[in-house]
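Structural characterization, general
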Amino acid sequence: MHRIIIPLLMLTLTTITGQVRQNQSSIKISGKIVDSESGQPLEYATFVLQKVDSPDQVTGGITDTSGAFEIETEPGRYNIRVEYISFKTYSLDNQMYRSSTDLGIIKLSPDVEQLANVEVVGERTTVEVRLDKKIYNIGKDITTSGGNVSDALSNIPSVSVDVEGAISLRGNDNVRILINGKPSALAGFGSTDILQQLPADAIEKVEVITSPSARYDAEGTAGILNIVLKKEKTLGINGSVNTTVGIPFNARVTTNFNIRTDKFNIFNTLGYFHRESPGGGRNDNRYFSDASDFDRILEERDITRNDDGFNLNIGMEYFLTEKSSITGSFFYRWSDENDLTENDNQRFIDDVLDSRTFRTEDQAEKDNSRQFSLNYTNNINDDGHKLTADLQYSYDKENRLTVIQENNTVPNTDLLALENIYEKQPEEEFLAQVDYVLPMGNAQFEAGYRGTFKKEQNDYQLDTLNQTSGQFETNIDLTNVFTYNENVNAVYTQYGNKFGKFSFLFGLRLENTQLKGSVDTEIDSQALQDIVGQDVDLNFDKNYLGLFPTINLIYEISQGQNISLGYNRRINRPRGWFINPFPSRSSRTNVFQGNPDLDPAFANAFDIGYMKRWKKLTLTSSVYYQKETRSFEFIREETGQVTSDGIQIIRSVPINLSTNERVGAEAGMIYSPARWLRLNGSFNFFTFTSDGSFNGVDYGTSNSSYFARFSSKFTLPAKIELQANSFYMGPRQTAQSETKGMFSMNLALSKDIFKDKATLSLNVSDVFNSRKRQSLTETSTFSSDSEFQWRKRQANLSLIYRFNQPKERNNRRGQQDDGGDEERQFQD
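Residues numbered from 1 in each chain as written. Predicted model: local features only at pLDDT ≥ 70, side-chain atom pairs only at ≥ 80, totals over all residues. Heavy atoms only, no water.

Considerations on the overall build of the protein chain
Across its full length, the protein chain holds 5 helices and 49 strands. The 828 residues of the protein chain split such that 55% are buried. Of the contacts formed within the protein chain by residues at least 6 apart in sequence, a portion of 68% connects residues at least 24 apart. Here the protein chain has roughly 35,500 Å² of accessible surface; of this, 54% comes from carbon and sulfur atoms. (Helix = DSSP H or I, 4+ residues; strand = E, 2+ residues; numbered from the N terminus. Buried < 20%, exposed > 50% of the residue type's maximum accessible area, 1.4 Å probe, protein only. Contact = heavy atoms within 4.5 Å. Areas by Shrake-Rupley, 256 points an atom, 1.4 Å probe, with all protein chains shown as cover.)

Following this line, the structure appears as structure tokens:
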């Protein structure tokens, strides 16, 4: 740390004692400072000029985001010194400068010995503001030790994770999840369930991209969350082992191993988990029509889980030359999940208990994913001239068997129904991508292509027990194979430049989307239309061509203070199960049915942001507006059918509602009043208005909601740390439902042991067992008052052991970024 403090003290002394003569001519000393290994610019490096004949006369400055510096001084003879934490000092003595001089590129080499001792900066979450995104470098968050990726995301400003693990950005759940800048099997092709299986300590940083540049997919009207995984860059052999055990019983082991030489870098993550996390809920359903034999059904639900999973990520980067490399990696994930849901149902007529049933839903799911990736990177020169190419193949297959059995318990014990649901869901995706970056002085030009070609299949079969024959019979009306293809070809270009304190990035992306669907079933077309209940083309081939402009501007008001403006156009494509016309059962009385007529939704989004950094406080804020046309809305309606024992069957179906508008504001702060205390908070408020109708019913609604989080971290004597994270989700409303507010808190305690080679931590998730979703759905024919808790309070004890690896390494060296542009970084 003395390498920064001493130059700053000297600079301060200069401003106090130095006098500049108005009539003396001045010269400028300029240049650029980069990492000798990666060629990446080093921001905030210190450049010092010390006059030879007057050692007390010192001037200098700090590099900007591109690593550049420009110092105004008088002609003379100087000693030069360039310093940057964890890098070797660069010195050049007794240099005579009579006129303005460009020193060119100065390369700093990493100081490996000092790097091993750096802990303070690496343990703190860093906020980086760029023209098109905010980056949160995940620090030492002990509340997520032994947790999963969803747990880590729940602590990121602007992001909220509901009780079932669904992720939303600024209250909008149409968010695109990327891994290392690409759609990936690691992220479940958009499904957030898989993120609950991956370890949190595999994350390097999370990029919150609310105003994506043209480099990124146009998918996701809320924006993009890009999860960048760790890839160690230190020479030698190093790694870590993280073990966790918890109550209710769960266990996880994760290992990270890395070998780095001058010619190659081998990295590996291996993990296994076992989880028995209970949950539960209740539903109070009331019926207002004569279609049902009952006017009220009260349901109490208990969920037990017995899940196992394994994941492997291994790869190697081979350095072809000093400036080019090729990286190959393989990812594999396997899981065996067994969930049992037990439902106790009380059925009333005129508020008098008429009968009681007990239903079990026993679901066994096996999931296999694998992904092959190949990357070529050529850093053509040290100025950022670069060419990258990527190929990626992903495959995922889910096999699911659900056994649903329901028996009377009052007034008799007769069997009501026994069903077996077989589902096979293979999915594969191929990606090809090329990106080219050309710096032009202060400007930068980019262009590229990305093609993604995805195929998914849903093989659904429903067998029902015929109680007369005692044999299972396949329900031909619901058994089908639905195949869905989504092919997207995109080209983009963007141009950025900086004029003084003003920076801009303009981009344009052209995307062609092809959506194809086909149904394989044994029933004839007329019967199929009767089942679907709609006159639609079940074998379709749709094409959409769209332009997606992006504008991002930043004005630096002063050092550590800026204002930004962003605009982008986005698309929300329907997923395969959104458009599968065949009903699929989640229970005997609830079905989900896709809509083949569903078209993509489009959105225009505007964002104005402000950021200010003081010595101990960093403040971020923004105001945003979004208008989405043909937006998706899930509605619930009666099917007109009842079960064999007289209960209405309710259908959920997605539709293209007319429009919705979202206006909001958010603010966040990071405050470190003392070395032993760190505070972090954020608040997001938004209003949501939608309009539209379906089947003669008006589904327009207006709603205001908010969410807030607050975190405090205490560094205590004896290398003990205490942390508390709290989160509140405000009440919200849709066209048919109202959801109450929800509060939760996590606590954690950790201590470094074995000479800082290991850390022992204890954390409690959802201390008050209050993370429950409570909602009320009302229509003209029924109402449903429900409560659901995906996971009860959890306590975990974790131990992480590091070999040849410091506790946390300062990560300010240049790193490969997925989507780096003109940037403004603020290190906290």
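A look at the sheet that holds strand β34 (residues 632-642)
The pairing of strands in a sheet happens through backbone hydrogen bonds and is either parallel or antiparallel. Taken in spatial order, the 4 strands make up an open sheet running β30-β31-β35-β34, and their pairing is mixed. In this open sheet, the two strands that pair with only one neighbour each are β30 (584-585) and β34. Bridge count between β34 and strand β35 (residues 648-656): 8 bridges; the pairing is antiparallel. Within the sheet, the bridge partner assigned to V642 lies in β35 and is Q648. (Pairing = 2+ DSSP bridges.)

Things to note about unusual backbone geometry
Cis geometry marks the peptide bond from I247 to P248, where omega comes out at -10 degrees. Structurally, P248 is set in the loop between β15 (236-247) and β16 (250-260). Positive phi outside glycine occurs at D350, with the angle close to 55 degrees. Structurally, D350 is set in the loop between β20 (324-349) and β21 (352-379). Given the relative accessible area of 64%, D350 is considered exposed. Located in the positive-phi region is D351, a residue other than glycine, with phi close to 65 degrees. Residue placement: D351 occurs in the loop between β20 and β21.

Concerning the pairing of β15
Where β15 lies against β16, 11 bridges are found, and the strand directions are antiparallel. The partner of V245 across the bridge, within β16, is A251. The loop that links β15 with its antiparallel partner β16 comprises 2 residues. Here 9 bridges tie β15 to strand β48 (residues 794-803), and the two strands are oriented antiparallel to one another. Considered in β48, the bridge of T243 is made with L799.

A few points about the environment of D691
With respect to the helices and strands, D691 occurs in strand β37 (residues 677-691). The class of D691 is partly exposed, set by a relative accessible area of 37%. Here the alpha-carbon distance between D691 and S631, two residues 60 residues apart in the chain, equals 9.7 Å. In contact with D691, not counting residues within four places along its chain, are L657, S658, T659 and G700. Among the polar contacts made by the side chain of D691, one reaches the side chain of T659 at a distance of 2.8 Å. (Polar contact = N/O pair within 3.5 Å; in protein donor to acceptor, adjacent residues only side chain to side chain.)

Looking at the sheet that holds strand β1 (residues 27-35)
The strand order β4-β1-β7 describes an open sheet built from 3 strands, whose pairing is mixed. Each having just a single partner strand, β4 (68-73) and β7 (101-108) make up the two edges of the open sheet. The average undirected angle you get between the axes of adjacent strands in this sheet is 20 degrees. Bridge count for β1 against β4 is 6 bridges, and the pairing is antiparallel. Paired with S30 across the two strands is E70, which belongs to β4. (Axes fitted to C-alpha atoms, helices over the stretch in contact; angles between N-to-C directions.)

Some points on a nonpolar patch on the surface
Residues V245, F249, L716, L722, L749, L760, L762, L797 and L799 make up a contiguous nonpolar surface patch of roughly 700 Å² in combined accessible area. Mapped by element, the contributors of at least two residues to the nonpolar patch are β45 (758-765) and β48. With respect to the secondary-structure elements, L722 resides in strand β41 (residues 720-729). (Patch = residues over 30% accessible without salt bridge, like charges linked within 9 Å, V, L, I, M, F, W, Y side chains within 5 Å. Salt bridge = Lys/Arg side-chain N within 4 Å of Asp/Glu carboxyl O.)

Some details on the pattern of salt bridges
Under the defined criterion, the tally for this structure stands at 30 salt bridges. D336 is paired through a salt bridge with K366; the nearest N and O atoms lie 3.1 Å apart. Taken together, the residues D336 in strand β20 and K366 in strand β21 connect sequence positions 30 residues apart. What makes K366 partly exposed here is its relative accessible area of 45%. The salt bridge partner of K719 is D756, with a shortest N-O separation of 2.9 Å.

Focus: the nonpolar core
One finds L153, V159, I167, V208, L225 and I227 to be the most contacted residues of the largest nonpolar core, which totals 21 residues. Mapped by element, the contributors of at least two residues to this core are α3 (149-153), β10 (159-161), β11 (167-169), β12 (175-179), β13 (203-209) and β14 (223-229). In this view, V159 contacts L153, I167, S168, L169, V208, L225, F707 and R709; residues no more than four positions away in its chain are not counted. I29, L42, L49 and I106 belong to the second largest nonpolar core, which has 17 residues in total. (Core = buried A, V, L, I, M, F, W, Y, C linked by side-chain atoms within 4.5 Å.)

Considerations on the packing of aromatic side chains
All chains considered together, the criterion is met by 19 aromatic pairs. Ring centres 4.9 Å apart and planes at 40 degrees place the aromatic pair Y567 and F606 in the tilted group. With Y567 in strand β29 (residues 561-572) and F606 in strand β32 (residues 601-613), this residue pair connects regions lying 39 residues apart in the sequence. Both rings, one in F743 and one in F768, keep their centres 6.4 Å apart while their planes meet at 35 degrees; by these two values the pair is tilted. Pair noted here: F743 is in strand β44 (residues 742-753) and F768 is in the loop between β45 and β46 (773-778), with a separation of 25 residues, a long-range link. Of the residues examined, F768 reaches a relative accessible area of 52% and is grouped as exposed. A cation sits over an aromatic face here: R305 above W790, 4.1 Å from the ring centre. (Phe/Tyr/Trp six-rings, centres within 6.5 Å; stacked < 30°, edge-to-face > 60°. Lys NZ or Arg CZ within 6 Å of the ring centre and 35° of its normal.)

Structural notes on the confidence of the model for the protein chain
In the predicted model, the protein chain carries a mean pLDDT of 83, and 85% of its residues have values of at least 70. Of the regions scoring below 50 in pLDDT, residues 1-24 engages in 22 contacts with residues more than four places distant in sequence or in other chains. (pLDDT = per-residue confidence, 0-100.)

A look at the environment of I551
Along the chain, I551 turns up in strand β28 (residues 540-558). Judged by its relative accessible area of 35%, I551 falls in the partly exposed class. Each C-alpha atom, one on I551 and one on S213, is 7.5 Å from the other, the two residues being 338 residues apart in sequence. Discounting chain neighbours no more than four positions away, the residues touching I551 are S211, L505, F506, L565, G566 and Y567.

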